[in-house]
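Understanding the architecture of this molecule
Next come the chains, spelled out residue by residue.
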Amino acid sequence: MEHIRSEQLYAEACEIIPCGVSSSMRKNVKPLLFFERADGPYYFDVDGNRYIDYTLAWGPLIAGSNHPLINKAVAEQLQKSYTLGAQHPLEVALAQKLTSILPGLEQVAFSNTGSEAVQSAIRIARTYTGRSKIVKFEGHYHGWLNNILVSYKPQPAQLGSPSASCGGQPAPEFEDTLVLPWNNLEAVKELLATRGHEIACVITEPVLANSGCCMPNDGYLQGIIDCCQEHGVVSIFDEVITGFRLALGGAREYFGLRPDLSVYAKAIAGGFTMAALGGRKDIFEVIREGKTIHAGTYNGASVNLAAALATLNILSGENCFAQLHAYGHALREHLQLAAANAGLNLVTTGAGSVFSMHFGLTEAPRNYADTLAADTTLFAKFRGLMLEEGIHLLPDGRWYIGITHTDVELAATRQAIDHTFAAMRKS
Ligand code: PLP
């Protein structure tokens, strides 16, 4: 494949864009490609090459790109208004849709990004409980703000105590954030038993999608909810990735859980900017009563509302999630078989249409610390070879599947996997 114009743009970007467009995409693979168009499950780079995309823009593109129904809804809405900064009937329609498909959700508030909706959840929980501490888990990502970007990817020596995840995070800004290892219910019980009276909320990803797609142990998530309830702590499930992906009703439906609050973004609007916080009506009273503020100029912008409704209507289609799960299952099976044939240890973890690859492991990791043993150099090699085969993957081993991935893409991907493992066996 030719990457001439991508190389030029990369050199130019490094001069004028400090993060080089997307620092995380740059980390593991060269060349850094510049894409200019996407259609269905395909990305097209500026050099005219076509790729089957499994990044889905880090998750949102669950209905692929250029979807006719999303395009139509957005185009029609554009004629009427971009954003109004005032009430809009689509707000009510989207809230009704969300409360009908997300089990146990009684009320919702809209934001633009997952990071913002997480902050709203924390602020509401603090107001509701009158407490200030928040509990999160190692390896979990809940957005990039100082109070929560804590122990996101800690070094082995940092495990066990809260640590800043990057420069520019003054310690006082996260001194109210307590961090625990995930999938250890005893640790949650112990902390809440001793310090529950100080703790406003416990926030968790239901599947640890941001660090290796680790699955929760049986009873673990329900255990968190029960323990929170016992100590008057608000349970918050961050469904920015699992929402509208594990099932139409996200982790609430997939695992049969009813946390106090849940956060949604990414797949909710198929690639447009939208996030929602939903949960128990009595907890939202603190906003209604003016005890705290939930704000944002673009909250509920009309074009984004239209995109969200169109996306959720598409995802409400029959067999949609059965198809997503079947595709994910088939891919994982093929990857594992091909790795075994090449004499390589490989484990995949996750659920349905989001999963991760871990080279060098023989057992599924159960939490962030377990994922540290994986061979990330081997994955970087795999990813680079797959790119040459026309398959676009995320740099952290995660795969996202969307509804526009069909048998055609599955067959092409299987072939690319076979070629890649054959090349890895030779080298
Ligand atoms: N929560 C989770 C679980 C996420 O994966 C992300 C982003 O990847 C966020 C929150 C932050 O969302 P956003 O990037 O829309 O601010």
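Above this text you will find the structure in question.
This write-up is about the structure you can find in this document.

The rules we used
- Within each chain, residue numbers correspond to sequence positions counted from 1 in written order.
- With the structure being a predicted model, the display of local features is reserved for residues of pLDDT at least 70 and the display and counting of side-chain atom pairs for 80 or more, all residues being used for whole-chain, interface and lining totals.
- Here the side-chain values reflect all heavy atoms present in the structure, with hydrogen atoms and water set aside.
- Think of it this way: any DSSP run of H or I at least four residues long counts as a helix, any run of E at least two long counts as a strand, and we number them from the N terminus.
- Just to be clear, the radius of gyration here is over C-alpha atoms, and the globule rule we use is 2.2 Å times residues to the power 0.38.
- Residue contacts are defined here by distance: any two heavy atoms, one from each residue, within 4.5 Å place the two residues in contact.
- Methods summary: accessible areas were calculated by the Shrake-Rupley approach with a probe of 1.4 Å, and residue burial reflects only the protein chains presented.
- Charge assignment: positive for Lys and Arg, negative for Asp and Glu; neither His nor the chain ends contribute.
- By convention, charge coordinates are those of NZ in Lys, CZ in Arg, CG in Asp, or CD in Glu.
- Here, expected helix span is obtained from the residue count minus one, scaled by 1.5 Å.
- Here the term buried applies to any residue with accessible area under 20% of the maximum for its type, exposed to any over 50%, and partly exposed to those in between, with areas from a 1.4 Å probe on protein chains only.
- Throughout, the arc means that of the directions going from the helix axis to the C-beta atoms.
- A fitted line through C-alpha atoms serves as each axis, taken over the contacting stretch for helices, and the angle formed by two N-to-C directions is quoted from 0 to 180°.
- Roughly parallel refers to an angle under 35 degrees, roughly antiparallel to one over 145, roughly perpendicular to one between 65 and 115, and oblique to any angle outside these ranges.
- By the definition used in this description, the sense in which the near helix is turned from the far one sets the handedness, with an anticlockwise turn below a right angle giving left-handed and a clockwise turn giving right-handed.
- Under the scheme applied here, ten amino acids are nonpolar (Ala, Val, Leu, Ile, Met, Phe, Trp, Tyr, Cys and Pro), four are charged (Asp, Glu, Lys and Arg), and all others, including Gly, are polar.
- By definition, a salt bridge exists where a carboxyl oxygen of Asp or Glu is found within 4 Å of a side-chain nitrogen of Lys or Arg.
- Aromatic rings from Phe, Tyr and Trp, taking only the six-membered ring of Trp, are treated as a pair when their centres fall within 6.5 Å; an angle between ring planes under 30 degrees marks them as stacked, one over 60 as edge-to-face, and anything in between as tilted.
- Sitting over a ring, as applied to charges here, requires NZ of Lys or CZ of Arg to be within 6 Å of the ring centre and within 35 degrees of the ring normal.
- Should DSSP find at least two bridges between two strands, the strands are regarded as paired.
- Proximity criterion: a residue is near a molecule or strand once any of its heavy atoms comes within 4 Å of it.
- Counted as a polar contact is a pair of N or O atoms within 3.5 Å, where, for protein atoms, one must be capable of donating a hydrogen and the other of accepting one, and residues adjacent in sequence contribute only when both atoms are in side chains.

Another point: the overall build of the protein. Helix and strand counts for the protein stand at 14 helices and 14 strands. Over its C-alpha trace the protein gives a radius of gyration of 21 Å, about what one expects of a compact globule, namely 22 Å for 427 residues. When the backbone C-alpha atoms are referred to their principal axes, the protein occupies close to 60 × 55 × 45 Å. Long-range contacts, defined as pairs at least 24 residues apart, comprise 71% of the intrachain contacts of the protein with a sequence gap of at least 6. A total of about 17,900 Å² of accessible surface is found on the protein, and carbon and sulfur atoms cover 51% of it. For the protein, the separation between the mean place of its 33 positive charges and that of its 42 negative charges on side chains is 1 Å.

Attention now goes to helix α1 (residues 4-16). If you check α1, its first and last C-alpha atoms are 19 Å apart, about what 13 residues at 1.5 Å a residue would give, namely 18 Å. What α1 keeps buried is the set Ser 6, Leu 9, Tyr 10 and Ala 13. Angularly, the buried residues of α1 cover 110 degrees about the axis, an arc narrow enough to put them on a single face. Opposite the packed face of α1, turned more than 90 degrees from it, sit the exposed residues Ile 4 and Glu 15.

So, on to the packing of helix α13 (residues 376-388) against helix α14 (residues 407-426). Interhelical geometry of α13 versus α14 gives an angle of 125 degrees and a closest axis separation of 9 Å. Viewed along their axes, α13 and α14 adopt a mutual orientation that is oblique. At the point where α13 passes α14, the crossing takes the right-handed sense. Here α13 contributes Leu 378, Phe 382, Leu 385 and Met 386 to the contact with α14, which in turn contributes Thr 413, Ala 416, Ile 417, Thr 420, Phe 421, Ala 423 and Met 424. When grouped by side-chain class, the residues that make up the contact of α13 with α14 number 9 nonpolar, 2 polar and no charged.

Moving on, we get to the pattern of salt bridges. Applying the stated criterion across every chain, the model contains 9 salt bridges. Two residues, Lys 72 and Glu 76, come together in a salt bridge whose shortest N-O distance is 3.2 Å. With Lys 72 and Glu 76 both in helix α3 (residues 68-80), this residue pair falls 4 residues apart, about one helical turn. A salt bridge links Asp 396 to Arg 398; the shortest N-O distance between them is 2.7 Å. Accessibility expressed as a relative area gives 33% for Asp 396, which makes it partly exposed. Judged by relative accessible area, which is 2%, Arg 398 ranks as buried. In the salt-bridge network here, residues are joined through shared partners; they are Asp 260, Arg 280 and Asp 282.

What follows deals with the packing of aromatic side chains. One pass over the structure, following the stated rule, counts 14 aromatic pairs. Between Phe 35 and Tyr 43 the ring centres are 5.1 Å apart and the planes differ by 65 degrees, which places this aromatic pair in the edge-to-face class. On the basis of relative accessibility, which here comes to 11%, the residue Tyr 43 falls in the buried class. Among the aromatic residues, ring-to-ring pairing joins Tyr 54, Tyr 327, Phe 355 and Trp 399 into one connected group. Between Arg 37 and the ring centre of Phe 44, over which it is positioned, the NZ or CZ distance is 4.0 Å. Lying over the aromatic face of Tyr 42, Arg 50 brings its terminal NZ or CZ to 3.8 Å of the ring centre.

A separate point is the sheet that holds strand β8 (residues 234-238). On the basis of which strands lie adjacent, the open sheet formed by 7 strands has the order β4-β10-β9-β8-β7-β5-β6 and mixed pairing. Lying at the two open borders of the sheet, with one neighbouring strand each, are β4 (107-111) and β6 (177-180). Averaged over all neighbouring strand pairs, the angle between strand axes comes to 20 degrees, with direction disregarded. Sheet topology places β8 next to strand β9 (residues 261-264); 3 bridges connect them, and they run parallel. Note that in β9 the partner of Ile 236 across the bridge is Leu 261. Sheet strands touched by helix α6 (residues 185-195): β5 (133-137), β6 and β7 (199-204). Its angle to β6, the strand with the most contacts, is close to 150 degrees. Along the sheet, helix α7 (residues 220-230) contacts β5, β7 and β8; its crossing angle with β8, the most-contacted strand, is approximately 150 degrees.

The immediate surroundings of the ligand are formed by Thr 113, Gly 114, Ser 115, Tyr 141, His 142, Gly 143, Glu 205, Asn 210, Asp 238, Val 240, Ile 241 and Lys 266. Note that an oxygen atom of the ligand is positioned 2.8 Å from one of the backbone N or O atoms of Gly 114. Residue Asp 238 places a side-chain N or O atom 2.6 Å away from a nitrogen atom belonging to the ligand. Expressed as a share of its isolated accessible area of 390 Å², the protein-covered part of the ligand is 84%. Counted by class, the shell around the ligand contains 3 nonpolar, 6 polar and 3 charged residues.

Attention shifts here to the packing of α3 against helix α10 (residues 302-315). With their axes 8 Å apart at the nearest point, α3 and α10 run at an angle of 155 degrees to one another. With respect to each other, α3 and α10 are oriented roughly antiparallel. As for how α3 packs across α10, the hand of that crossing is right-handed. Between α3 and α10, the contacting residues are Leu 69, Ile 70, Ala 73, Val 74, Gln 77 and Leu 78 on the first element and Ser 302, Val 303, Ala 306, Ala 307, Ala 310, Thr 311 and Ile 314 on the second.

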